[in-house]
Structures are given as structure tokens and as C-alpha cells.
Amino acid sequence: MTVTRAVALGCGHYLPARIVENAEFADQVETSDQWIRERTGIERRHFAAEGEATSDLAIAAARAALAHAGIEGREIDAIILATATPDATFPATATQVQQAIGAGGFAFDVQAVCAGFMYALATADALIRGGQARTIMVIGAETFSRILDFTDRRTCVLFGDGAGALILRAEEGTGGNGDRGVLGVKLRSDGAHRELLYVDGGPSTTGKAGKVRMEGPEVFKHAVVKLADIAHEVMEAAGVSGADVAWMVPHQANLRIIASTAKKSGLPMEKVVVTVQEHGNTSAASIPLALSVAVADGRIRRGDLLLMEGIGGGLAWGAALLRW
Ligand code: ACO
């Protein structure tokens, strides 16, 4: 029996030029490089320049992914862009990418904050397996610096800007877990926890974009439990264990959350891609950014089994298995 798989063709990323070191926040709020490093693992992050929009970051990542895959923009049938910081309320930022790279087909945004890339990947996988599109670009892109309250030390030190893109194409597989491509995705959300992590604005409420508000320690407690559970679920469904996973490519919010999830999934830290020290939490961009960094430096190789997972506002969370 053959099945259609969404197989990775290539990936790419983009980080804005401006690097902001932890120490720079100490001028604005009562914090220190030491606190930020010890509690989160973050050392620095990138912030978009004035006038640099989420679409600019996404387009740069999209072009890098096209170059890596060795294909032209017109070969892309669909673009799914995960972001919580779109250029505008509408149109979808994905359509700006579509126009810039000369893609046809259709393009739309998905919004699941830090779990956005898992939701976009699940959608792409379903569209490919359902025959709606053959080649899909999945992007995570954020300019979180635009929605930070720089007087709130509990949130402003945590986030950064960036974009990552992954190109998937339909290929025939055997249906077994030795196939290349997406082997499984699990998604979850629970609106009961809205107050733990949200933005205090929006088109239908305040008419303004608003700023990030977070009960960090509460989110932390949910994250360590929910991520380990969903990672276990996606591995069990695919019939694999932590020992089969070559690399965990997690959402990069906090080094302590990453370490806890890796341990519960049976993975030593040597098998975890960690970029949080350089990027901070880039929300929907963090997983494809980490993926692209580890592919570019040769850690991730063809045939490697990757476990990806992320959680964010909603709460929304998800995990995926992809054989590179
Ligand atoms: N500098 C110095 N002190 C600080 C800072 C700071 N930047 N921020 C908080 N503190 C203080 C707190 O006020 C608190 O002081 P108090 O005890 O006097 O009240 C103390 O440090 C300890 O604070 P905690 O919040 O308990 O520290 P914790 O170890 O939990 O770390 C953190 C906080 C980093 C936010 C952590 O809880 C975390 O990472 N949470 C999860 C974040 C996450 O995963 N979010 C999901 C994705 S984001 C998205 O979807 C958009």
C-alpha cells in the first residue's frame, strides 16, 4: 500500500540585523543579564528595524528556503503562514509572500501563537495528503517586539523577531514510520486558560494591536506537562520512541521547559536543537528557525527523525514527527 507523504524539500530562515543583548534591558526595567540567562537560557535576540514588517522577514525566509530546495517560487501551490503579529488585520500576510516569490495557488495565515508552526504544518500535511496542493511552503514569522510592553520585565526580556520557512512536497511512501516526511501531528487547545497568556487588544475590542500579558510561572507549569504528554502521544501513534528520534526541535521559550520535555521524552540534551540563547522566544517562528539553523550547520541530515513541539497562548499546543 502506498500513501502520500508531505516530504521536506528544503528550509530557510531570516533574522533581522539588530541584535539586542540582555544587558540592554537593564536600562529600561529592573532586570539583569544574569537573571535572564539563569531563568530562561536567553542571552540575546533580534529585533526588526523600524519599517521592517513580518512580511519582510517571511519573504526573506521564503527565498532562503526556495534556494535551499532548489526550486522556483512558481512551483509553490500554497503558502501557510503562522503568525500572531501580521502586517495588518487583513489581508493575510501570506499573500504578501505569495506575491513576492511569484507563487500561484492560494495563501493564508494561521494563528496559534507559539504553537502556530505546529498548526500550519498539520494543515499543510492534511492539504497534501488530501490532494489539494502538491508543494506547500509553511512559514512561521513574527515581529513580537511590536507587541511587547517595555515597562514589563516579566515579558519584554523573553521575546524576539525572526522567520523560518519549510517547503513540503507530496511524495509516495510505504505508510510505515521509515518513510520520509510528516509521520504524525497532534494538536490541542484549551480556551479555559486564556488569561494566562494573551494580548490586551484587538480589532473588535480596543481597536489597537495591544501588548503581551503573561502569567509566566503558570504557563511554565502547563508547558512542562502538556508538551511531554503530546510528544508522547504523537510518538505512540507513529509507533516510535525517544530512542528513535535523532533530534528534538522544540519551541524555544525557556531552556528549562525544553530540558524538562526532552527528559520526559527520553532524549538527552545532545539530541536537542537549542537556539533560545541566540533568538529568544520568536513564537511561531521559533521551531522553523531552529530547524533551519540545524539543517544549515549539518546537524540534521536526510533520514533523521525529528520531534517538534510547541505551546503558546490559547492555550494551544502541538507536536509533530517529521523524517527529514
Ligand atoms: N528580571 C528580574 N526579575 C524578574 C524578571 C526579570 N526580567 N521577571 C520576573 N522577575 C521576578 C519576578 O517578579 C519574581 O519576583 P518576586 O518573587 O519578587 O515576585 C521572581 O523574578 C521570580 O519570578 P518567576 O516568574 O517565579 O520566575 P520563573 O522562574 O517562573 O521565570 C519565566 C519566569 C521566565 C517567565 C518562566 O515562568 C517561563 O518561561 N514561563 C513560560 C513562558 C512560556 O513558555 N510561554 C509560552 C510561549 S509564549 C506565547 O505563546 C506568546
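In this text the structure is predicted, and so the values were computed from the model without any measurement.

Novice: Which residues make up the overall build of the chain, and what values do they have?
Specialist: For the chain, the count of helices and strands is nine helices and 13 strands. The C-alpha atoms of the chain give a radius of gyration of 18 Å, which matches the 20 Å a tight globule of 324 residues would have. When the backbone C-alpha atoms are referred to their principal axes, the chain occupies close to 60 × 45 × 40 Å. Buried positions account for 56% of the 324 residues belonging to the chain. As displayed, the chain has an accessible area near 13,000 Å², and 50% of this comes from carbon and sulfur atoms. Each charge sign in the chain was given a centre, from 31 positive and 37 negative side chains, and these centres are 3 Å apart.

Novice: So what's going on with the sheet that holds strand β4 (residues 78-82)? Which residues, and what values?
Specialist: Taken together, the five strands give an open sheet; going across it, the order is β1-β7-β6-β4-β5, and neighbouring strands pair in mixed fashion. Edge positions in the sheet fall to β1 (3-14) and β5 (106-110), since each of these pairs with one other strand and no more. Across the sheet, the mean angle from the axis of one strand to that of its neighbour is 20 degrees, orientation sign disregarded. Bridge analysis of β4 against strand β6 (residues 135-143) gives five bridges, and the strand direction is parallel. Across the sheet, residue leucine 81 finds its bridge partner in β6, namely isoleucine 139.

Novice: I'd like a rundown of the site of the ligand, residues and numbers included.
Specialist: Taken together, 28 residues are adjacent to the ligand, and Thr31, Arg39, Cys114, Arg153 and Asn254 come closest. Between glycine 216 and the ligand, the recorded distance is 3.0 Å, taken from a backbone N or O atom to a nitrogen atom. Note that an oxygen atom of the ligand is positioned 3.0 Å from one of the backbone N or O atoms of glycine 313. Burial of the ligand by the surrounding chains reaches 75%, relative to a free accessible area of 1,000 Å².

Novice: Please set out helix α3 (residues 93-101) residue by residue, giving values where relevant.
Specialist: For α3, the complete set of buried residues consists of Thr93, Ala94, Val97, Gln98 and Ile101. Projection of α3 onto a plane perpendicular to its axis shows the buried side chains occupying an angular sector of 150 degrees, all on one side. Those residues of α3 hidden inside the fold are in contact with α2 (54-69), β4, β5 and β6. Glycine 102 sits one or two residues past α3 and shows a positive phi near 70 degrees.

Novice: Break down the domain arrangement of the chain for me, citing the residues and quoting the values.
Specialist: Here the chain is described as being made up of domain 1 (3-173) and domain 2 (181-323). Computed over C-alpha atoms only, the centres of domain 1 and domain 2 are separated by 14 Å. Each partner contributes to the interface: domain 1 provides 52 residues, whereas domain 2 provides 49 residues. In this assembly, domain 1 packs against domain 2 so that about 3,900 Å² is buried in total across both faces, 65% of it on carbon and sulfur atoms. One salt bridge in this structure joins glutamate 278 and arginine 44, with 3.0 Å as the shortest N-O distance. Taken together, the connections running from domain 1 to domain 2 amount to 17 residue pairs in polar contact (both at pLDDT 80 or more). At the level of secondary structure, the elements contributing two or more residues to the side of domain 1 that touches domain 2 comprise β1, α1 (33-40), β3 (44-47), α4 (116-129), β6, α5 (153-156) and β7 (161-173). Within the side of domain 1 that touches domain 2, the residues separate by chemical class into 25 nonpolar, 14 polar and 13 charged.

Novice: Could you give an account of the packing of α2 against α3, naming the residues involved and the relevant values?
Specialist: In contact at an axis separation of 9 Å, α2 and α3 are set at 45 degrees when each is read in the N-to-C sense. Relative to α3, α2 is oriented oblique. Considering only the axes of α2 and α3, their crossing is right-handed. Seen from α2, the contacting residues are Thr54, Ser55, Ala58, Ile59, Ala62, Arg63 and Leu66; seen from α3, they are Thr93, Gln96, Val97, Ala100 and Ile101.

Novice: Any chance you could break down the sheet that holds strand β11 (residues 247-250) for me, citing the residues and the numbers?
Specialist: Read from one edge of the open sheet, four strands run β8-β13-β12-β11, paired in mixed fashion. A strand with exactly one partner marks an edge of an open sheet, and here the two such strands are β8 (181-189) and β11. Strand-to-strand twist of the sheet, defined as the mean angle between neighbouring strand axes without regard to direction, takes the value 15 degrees.

Novice: Which residues make up the pattern of salt bridges, and what values go with them?
Specialist: This model, assessed by the stated rule, comprises 15 salt bridges. We note a salt bridge from aspartate 200 to arginine 213, for which the minimum N-O separation is 2.9 Å. Highlighted residues: aspartate 200 in the loop between β9 (197-199) and β10 (212-214) and arginine 213 in strand β10, separated in sequence by 13 residues. Each of Glu21, Asp33, Arg37, Glu43, Arg44 and Glu278 takes part in salt bridges that share partners, so that together they form one network.

Novice: How would you explain the packing of helix α6 (residues 216-238) against helix α7 (residues 255-264) if you had to name every residue and give the values?
Specialist: At their nearest, the axes of α6 and α7 sit 9 Å apart, and the two run at 30 degrees to each other. With respect to α7, the element α6 is oriented roughly parallel. Handedness of the α6/α7 crossing: right-handed. Residues Phe220, Ala223, Val224, Leu227 and Ala228 of α6 touch α7, and the partners they reach there are Arg256, Ile257, Ser260, Thr261 and Lys264. Across the contact of α6 with α7, the residue classes tally to six nonpolar, two polar and two charged.

Calculation criteria
- Residues numbered from 1 in each chain as written.
- Predicted model: local features only at pLDDT ≥ 70, side-chain atom pairs only at ≥ 80, totals over all residues.
- Heavy atoms only, no water.
- Helix = DSSP H or I, 4+ residues; strand = E, 2+ residues; numbered from the N terminus.
- Rg over C-alpha atoms; globule rule 2.2 N^0.38 Å.
- Buried < 20%, exposed > 50% of the residue type's maximum accessible area, 1.4 Å probe, protein only.
- Areas by Shrake-Rupley, 256 points an atom, 1.4 Å probe, with all protein chains shown as cover.
- Lys, Arg positive; Asp, Glu negative; His and termini not counted.
- Charge placed at Lys NZ, Arg CZ, Asp CG, Glu CD.
- Pairing = 2+ DSSP bridges.
- Axes fitted to C-alpha atoms, helices over the stretch in contact; angles between N-to-C directions.
- Near = heavy atom within 4 Å.
- Polar contact = N/O pair within 3.5 Å; in protein donor to acceptor, adjacent residues only side chain to side chain.
- Arc of directions from axis to C-beta.
- Contact = heavy atoms within 4.5 Å.
- Domains from an automatic or database assignment.
- Buried area = accessible area lost by both parts, 1.4 Å probe.
- Salt bridge = Lys/Arg side-chain N within 4 Å of Asp/Glu carboxyl O.
- Nonpolar A, V, L, I, M, F, W, Y, C, P; charged D, E, K, R; others polar.
- Parallel < 35°, antiparallel > 145°, perpendicular 65-115°, else oblique.
- Left-handed = near helix turned anticlockwise from the far one by under 90°.

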